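# Secondary and tertiary structure notes
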Amino acid sequence: MEQGDVNKELQTEQPQSSEELEQEEEEVGGCRKIWNAIVKFYFKNEFIMQVVIVILLARAYPPLGAEYLQPQITATWICVLFIFLLAGLGLKTEEFKKAFQRFFFNVSVQVFNFGVVSSLVYGTSRGLILADVIPKALADGMVVCASLPLTINMCLVLTKSSGGDEASAIFNAAFGNMIGVFLSPVLILAYLGVSGDVDLFNVFYKLALRVVLPVSIGQILQKCSPKVVAFVKEHKPRFKKAQQLALVFIVYTVFCRTFSKEDDNVKVGDIFIMIAIQFCLLCLVMVLSWVFLKALFPKEPTLRVMGLFGCTHKTVAMGVPLINAIYESDINVGLYTLPLLIWHPMQLVLGSYLSPRLAEWVESEKTRLAQGGQGGVVAEKDEEGAKEPTLDATKNDVIGSTAEKDSSNSDGNDNGNNSVDAKEYDESSEC
């Protein structure tokens with residue numbers, strides 16, 4: 001009797017356990033999908049996610065990166081030297097010889113990027129300080145961000161995907177970063193002045209050692225040591241990853257120092273206001289650059305697309321170590337860096353959104369310009385064709401030809417003219 005009761009209980013419990021298993025599998029499957037989506041999002045935005053994580057870690061325990069990890073050696077020297085050495089190895093200075101092929105365009109992009117953007121942001125930031133909208137340190141950080149050169153990889157990738165001029169992107173990225181090593185510190189110190197925490201001679205001395213020297217060594221190795229170049233090229237993904245981690249480590253130590261000497265004047269609301277202002281400024285300079293390029297290069301759609309990115313992008317790879325080299329002893333160095341860390345993902349998001357639309361526009365603009373040029377040729381041929389029957393008719397009237405002969409001659413001339421026009425139009429279309 002007891003054995004039968006046990007069997008009945010097992011039979012009644014079996015369907016319930018299978019349903020529970022199905023529910024558990026569904027729950028596991030749902031959790032797995034969520035986890036896969038999170039992992040995919042992380043690796044798609046790896047650098048930004050790492051920056052957010054290290055800023056939170058720096059906020060949780062500032063002394064680790066501010067003191068114990070010896071940032072004055074590891075971050076400001078080892079990481080900075082490593083980043084700029086790789087930058088020197090990667091800069092394609094052989095592209096500089098192409099400068100005079102499109103000299104006016106190249107000068108226009110660099111002047112807008114360094115001059116127009118920085119002066120516009122400087123004027124805006126001074127107005128924000130006077131209106132007491134955001135703290136001075138964040139406003140100064142906006143100026144620092146605007147004084148930096150354009151990106152290299154991002155500018156090239158977005159230009160290529162948008163149908164822009166790749167050769168111009170390569171040249172302007174390389175040239176902008178090379179002159180930015182010298183020009184950006186000059187612009188920053190000219191706009192913001194030399195504060196009590198900044199020793200001008202010491203700043204340029206350290207910039208020469210940490211920035212100019214490793215870039216120069218990288219260039220020498222690129223020209224004189226094919227084995228080193230081949231080794232770096234072979235292990236490019238690893239070096240790129242190491243460069244990114246070095247950059248993230250610098251960001252971590254910078255914010256550790258900022259949080260260890262926290263400024264009560266800067267609140268979370270101020271940061272969100274700065275983010276909104278940076279977004280508005282980026283949109284504004286993109287619109288201005290588009291109008292500027294349209295006025296100067298109305299029949300060059302590929303150059304205008306490249307110029308849109310080249311005029312407005314700012315590099316985080318060279319910007320963060322450069323800021324760290326100039327303001328390493330300033331407690332606000334984290335606030336000087338923050339606007340750049342906001343501008344960088346914004347330019348990527350906006351560029352990715354505009355890229356397919358710009359590619360379609362480039363194709364339609366090329367077609368429009370080609371049809372406009374061909375229309376002029378066809379119109380000229382039509383006018384010539386219209387004149388020829390008139391001359392034939394006059395000639396026939398003079399020699400007293402019959403109406404049938406006039407008609408046949410007229411038909412023959414019209415057919416001949418039409419065939420020539422069609423042939424010339426096809427040839428111009430192929431060209």
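Analysis parameters
Each chain has its residues counted from 1, following the order in which its sequence is written. Two thresholds apply to this predicted model, a pLDDT of at least 70 for residue-level local features and 80 or more for giving and counting side-chain atom pairs, whereas whole-chain, interface and lining totals are computed over all residues. Here the side-chain values reflect all heavy atoms present in the structure, with hydrogen atoms and water set aside. Secondary structure elements are taken from DSSP: a helix is a run of H or I of four residues or more, a strand is a run of E of two residues or more, and numbering for both begins at the N terminus. The classification of residues rests on relative accessible area computed with a 1.4 Å probe and restricted to protein chains. Under 20% of the type maximum is buried, over 50% is exposed, and intermediate values are partly exposed. In what follows, a contact means two residues having at least one pair of non-hydrogen atoms within 4.5 Å. Surface accessibility follows the Shrake-Rupley procedure with a 1.4 Å probe radius. Residue values consider only the protein chains on display as shielding. Axis lines are fitted to C-alpha atoms, over the contacting stretch for helices. Their N-to-C directions set the angle, which ranges from 0 to 180 degrees. Note on angle classes: values under 35 degrees are labelled roughly parallel, values over 145 roughly antiparallel, values of 65 to 115 roughly perpendicular, and the remainder oblique. By convention the crossing between two helices is left-handed if the near helix lies anticlockwise of the far one by an angle smaller than a right angle, and right-handed if it lies clockwise. By the convention adopted, Pro, Cys, Tyr, Trp, Phe, Met, Ile, Leu, Val and Ala count as nonpolar, Lys, Arg, Asp and Glu as charged, and the other residues, Gly among them, as polar. The definitions used throughout rest on a 1 Å grid laid over the protein atoms alone, on which a cavity is an enclosed set of points accommodating a 1.4 Å probe that cannot get out and a pocket is an open set flanked by protein within 12 Å on both sides along at least five of seven lines; lining residues are those having an atom within 4 Å of a point. Grid points are joined across faces, edges and corners, and a volume is the space filled by probe spheres set on the points. Take the buried residues of types Ala, Val, Leu, Ile, Met, Phe, Trp, Tyr and Cys, join any two whose side-chain atoms come within 4.5 Å, and each joined set is a nonpolar core. A carboxyl oxygen of Asp or Glu within 4 Å of a side-chain nitrogen of Lys or Arg is what we treat as a salt bridge. Two distance rules govern patches: like charges are joined within 9 Å, and nonpolar side chains (Val, Leu, Ile, Met, Phe, Trp, Tyr) within 5 Å, applied only to residues with over 30% relative accessible area and no salt bridge. Asp and Glu are treated as the negative residues and Lys and Arg as the positive ones, with His and the ends of the chain left uncounted. The location of each charge is read from NZ of Lys, CZ of Arg, CG of Asp or CD of Glu. In the analysis that follows, any N or O atom pair within 3.5 Å is treated as a polar contact, provided that within protein one partner can donate a hydrogen and the other can accept it, and provided that, for residues neighboring in sequence, both atoms belong to side chains. Residue count minus one, scaled by 1.5 Å, sets the expected span of a helix. When the centres of two rings from Phe, Tyr and Trp lie within 6.5 Å, Trp using its six-membered ring, the rings pair. Their planes under 30 degrees apart give stacked, over 60 give edge-to-face, and anything left gives tilted. Remark: a charge is flagged as sitting over a ring if the NZ atom of Lys or the CZ atom of Arg is within 6 Å of the ring centre and within 35 degrees of the ring normal.

## As for the overall build of the protein chain
- Summing up its helical and strand segments, the protein chain has 16 helices and zero strands in all.
- Expressed as a percentage of its 431 residues, the buried residues of the protein chain come to 40%.
- Looking at the protein chain alone, contacts between residues at least 24 apart form 84% of all its contacts between residues at least 6 apart.
- Summed over its atoms, the accessible surface of the protein chain is roughly 23700 Å², and 63% of this surface lies on carbon and sulfur atoms.

## Focus on the packing of helix 7 (residues 153-161) against helix 13 (residues 301-312)
- Where helix 7 contacts helix 13, the axes come no closer than 9 Å and their chain directions differ by 155°. Relative to helix 13, helix 7 is oriented roughly antiparallel. The hand of the helix 7/helix 13 crossing is right-handed. Side by side, helix 7 and helix 13 meet where Cys-155, Leu-158 and Thr-159 of the first sit next to Met-306, Phe-309 and Gly-310 of the second.
- Of the residues contributing to the contact of helix 7 with helix 13, the split by class is four nonpolar, two polar and no charged.

## Regarding empty space enclosed by the protein
- What the rule picks out here adds up to one cavity of 30 Å³ or more.
- Within this model, the largest cavity holds a volume of roughly 40 Å³.
- Lining the largest cavity are Phe-84, Leu-148, Pro-149, Gly-180, Val-181, Val-211, Thr-315, Met-318, Gly-319 and Leu-322.
- Listed by contribution, the elements that provide at least two residues to the lining of the largest cavity are helix 8 (166-192) and helix 14 (319-326).
- Here the lining of the largest cavity is built from residues that sort into seven nonpolar, three polar and no charged.

## A short note on the nonpolar core
- The biggest cluster of nonpolar side chains holds 87 residues, and the ones touching the most others in it are Met-142, Ile-250, Val-251, Phe-255, Val-320, Tyr-327 and Leu-341.
- For this core, the leading source of residues is helix 15 (residues 333-399), giving twelve residues.
- Not counting the four nearest positions on each side in its chain, Phe-255 is found in contact with Ile-55, Ala-58, Gly-334, Leu-338 and Leu-341.

## Structural notes on the layout of surface pockets
- Of the pockets and cavities examined, the largest pocket occupies roughly 2000 Å³.
- Along its surface, the largest pocket is lined by 49 residues, and Ile-152, Asn-153, Met-154, Lys-240 and Gln-243 are the ones closest to its centre.
- No other element matches helix 11 (residues 236-260), which puts eight residues into the lining of the largest pocket.
- Within the lining of the largest pocket, the residues separate by chemical class into 30 nonpolar, eleven polar and eight charged.
- What the second largest pocket holds in volume is close to 690 Å³.
- Lining of the second largest pocket is provided by 26 residues; of these, Ile-55, Phe-255, Phe-259, Ile-271 and Leu-338 occupy positions nearest its centre.
- Ranked by the residues each element gives to the lining of the second largest pocket, the list is headed by helix 2 (residues 46-60), at seven residues.

## Thoughts on the pattern of salt bridges
- The final tally for this structure, using the stated rule, is seven salt bridges.
- One salt bridge in this structure joins Lys-241 and Glu-46, with 2.1 Å as the shortest N-O distance. Residue Lys-241 is found in helix 11, and its partner Glu-46 is found in helix 2; the two are separated by 195 residues along the sequence.
- Overall, Lys-241 belongs to the partly exposed group, its relative accessible area being 34%.
- Of the charged contacts in the structure, one is a salt bridge between Arg-126 and Asp-140, with a shortest N-O distance of 2.8 Å. Separated by 14 residues along the polypeptide, Arg-126 in helix 5 (residues 103-130) and Asp-140 in helix 6 (residues 136-146) bring together distant segments of the chain.

## A look at a positive patch on the surface
- Where like charges cluster on the molecular surface, the positive patch consists of Lys-92, Lys-233, Lys-236 and Lys-240.
- Locating Lys-236 in the fold gives a position in helix 11.

## A short note on the environment of Tyr-336
- Relative to the helices and strands, Tyr-336 is located in helix 15.
- Between the C-alpha atoms of Tyr-336 and Ala-137, which are 199 residues apart in sequence, the distance is 6.4 Å.
- Apart from residues no more than four positions distant in its own chain, Tyr-336 is found in contact with Ala-137, Asp-140, Gly-141, Val-144, Ile-323, Tyr-327 and Asp-330.
- Side-chain polar atoms of Tyr-336 contact the side chain of Asp-330, separated by 3.3 Å.

## Quick notes on helix 13
- In this model, helix 13 (twelve residues) spans 17 Å end to end at C-alpha, consistent with the 16 Å of a helix rising 1.5 Å per residue.
- Of all twelve residues that make up helix 13, twelve are buried, and the element is covered over most of its length.

## A word on the packing of helix 8 against helix 9 (residues 200-224)
- Two numbers describe how helix 8 lies on helix 9: the axes approach to 10 Å, and their chain directions differ by 165°. One way to sum up the angle between helix 8 and helix 9 is to call them roughly antiparallel. The way helix 8 lies across helix 9 gives a crossing that is right-handed. Where helix 8 abuts helix 9, its residues Met-178, Val-181, Phe-182, Pro-185, Val-186 and Leu-189 lie against Leu-200, Val-203, Phe-204, Leu-207, Val-211, Val-212, Val-215 and Gln-219.
- Partitioned by chemical class, the residues of the contact of helix 8 with helix 9 number 13 nonpolar, one polar and no charged.

## What to know about the packing of aromatic side chains
- Taken as a whole and judged by the stated rule, the model has ten aromatic pairs.
- Ring geometry for Phe-171 and Phe-175: centres 5.4 Å apart, planes at 10°, overall stacked. With Phe-171 and Phe-175 both in helix 8 and four residues apart, the pair spans about one turn of that helix.
- Residue Phe-175 is classed as partly exposed on the basis of its relative accessible area of 29%.
- Pairwise contacts between aromatic rings join Phe-104, Phe-105 and Phe-297 into one cluster.
- Lying over the aromatic face of Trp-290, Arg-304 brings its terminal NZ or CZ to 4.8 Å of the ring centre.

Shape descriptors only; they carry no functional weight alone.
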